[in-house]
Structures are given as structure tokens and as C-alpha cells.
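# What the coordinates show
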Amino acid sequence: MQDTSPISVTRTWKLDLYADYGDGSSARVFIATRTVTLSGGRDEQGHALPIVATVDGAEVPTEEAVQLLTWAKRDGRATLLSDERFIPTIGKAQGCELHRELGRLGYRNHYSVAGEALERPVASLATLTAQEAGVVRSYAYGQLGLTTGSVAA
């Protein structure tokens, strides 16, 4: 099974903040527009990293950003602007090494082998996650009745 959980997530909202004016809630007054960003994730070992919060580009305590989000969401004035998720890939160097390894095993179409192993099209080995590369490697060796690493370099 492939691990597609992101290593980091960054979300940015546009918040329109309103408050009551006077005694009744019928008089709503626009206070300000703020842009709030929350970023967090985990390190390579899976340990949680601290959440970083910014308001209008300035770092603030996470609690302050969450209070603004809660305020805006309560009034229905929070708009999600972006939701970025970063999943690390093996990159060109390790992708090239995987190409070499598949070549040593006798495979001609490396993308086809990777696609069969992952059950989806693969256009570049460099864009695989480390776990996906491991699945491809195990599949390629297994198709030949070998165990991973049993072919000399």
C-alpha cells in the first residue's frame, strides 16, 4: 500500500470580520479583512512539527490565528484560498538509480513496470514517493522470482 499522506500542509483563508454594533445583533459592522495561514506537518520520521500561524504575513501565536478563524467562520465569512499539501518524492538521482536497477533486471519499459506495480500510469520515476519506489522495486524483482537486491550491480 502506498503512503500518500502529506508531510506538510499549508492552508490560507481570507477572513471578513464583523462585530455587533450597539445592543442588537441586527446592526453588524465590518471590522477588517485578514489573511490567515496555518502550516504544519511531520518530519521524515513521522513526528509532528509545531503549527506555524501567520496573519497578514506576520507570524502570530497559533491561538490568535485560530480565534480569528473561529470568529470569521461563526459569521460565515471565511473563504479558503489555498490548500497545499507536500508529499516528498525520490527525485532525479534516486529515480535514475531505479531506472538503472530495472535495466539490470532486464526490463525495457520501466514506466510500464512501475505502472503495473502501482496500478496507475507513471510518467516519471523521479516523481514516486520512497514507498512507491519500494513497491515498484519489489514488484520488479518478484516478477522474476527474485528477492529485492539479489542482482549484483
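Structural data are supplied above this passage.
About the criteria used
- Here the residue numbering is sequential within each chain, running from 1 through the sequence in written order.
- Given that this is a predicted model, residues contribute local features only at a pLDDT of at least 70 and side-chain atom pairs are listed and counted only at 80 or more, while totals for whole chains, interfaces and linings are drawn from all residues.
- Only hydrogens and water are removed before side-chain values are computed, so all heavy atoms of the structure are retained for them.
- Pairs were defined over the aromatic rings of Phe, Tyr and Trp, the Trp ring being its six-membered one, requiring ring centres within 6.5 Å. Orientation was assigned from the angle between planes: stacked under 30 degrees, edge-to-face over 60, tilted for the rest.
- In this text, helices come from DSSP runs of H or I with a minimum length of four residues, and strands from runs of E with a minimum of two, each type numbered from the N-terminal end.
- Think of it in three bands: with a 1.4 Å probe and only protein chains considered, a residue is buried below 20% of the maximum accessible area for its type, exposed above 50%, and partly exposed in between.
- Either the NZ atom of lysine or the CZ atom of arginine qualifies as a charge over a ring when it sits within 6 Å of the ring centre and within 35 degrees of the ring normal.
- Paired strands, as defined in this entry, are two strands with at least two bridges between them according to DSSP.
- Here the axes come from fitting lines to C-alpha atoms, over the contacting stretch only for helices, and the angles between their N-to-C directions go from 0 to 180 degrees.
- Two residues form a contact once any of their heavy atoms are found within 4.5 Å.

### Focus: the packing of aromatic side chains
On inspection of all chains with the given rule, the structure shows one aromatic pair. Summarising the aromatic geometry, the rings of Tyr 18 and Phe 30 are spaced 5.4 Å apart at their centres and angled 70 degrees between planes, so their arrangement reads as edge-to-face. You can see Tyr 18 sitting in strand S1 (residues 8-20) and its partner Phe 30 sitting in strand S2 (residues 28-42), a full 12 residues away along the chain. Judged by relative accessible area, which is 43%, Phe 30 ranks as partly exposed. The positively charged end of Arg 77 is found above the aromatic ring belonging to Tyr 18, 4.4 Å away from the centroid.

### As for the sheet that holds strand S3 (residues 48-55)
Taken in spatial order, the five strands of this open sheet run S4-S3-S2-S1-S5, and their pairing is antiparallel. Edge strands, defined here as strands with exactly one partner in the open sheet, are strand S4 (58-60) and strand S5 (78-86). Direction aside, neighbouring strands of the sheet carry axes that sit 25 degrees apart on average. Judged from the six bridges that link them, S2 and S3 form a sheet pairing that is antiparallel. Within the sheet, the bridge partner assigned to Thr 37 lies in S3 and is Thr 54. Where helix H1 (residues 62-74) meets the sheet, it contacts S1, S2, S3, S4 and S5, and its direction lies at approximately 55 degrees from that of S1.

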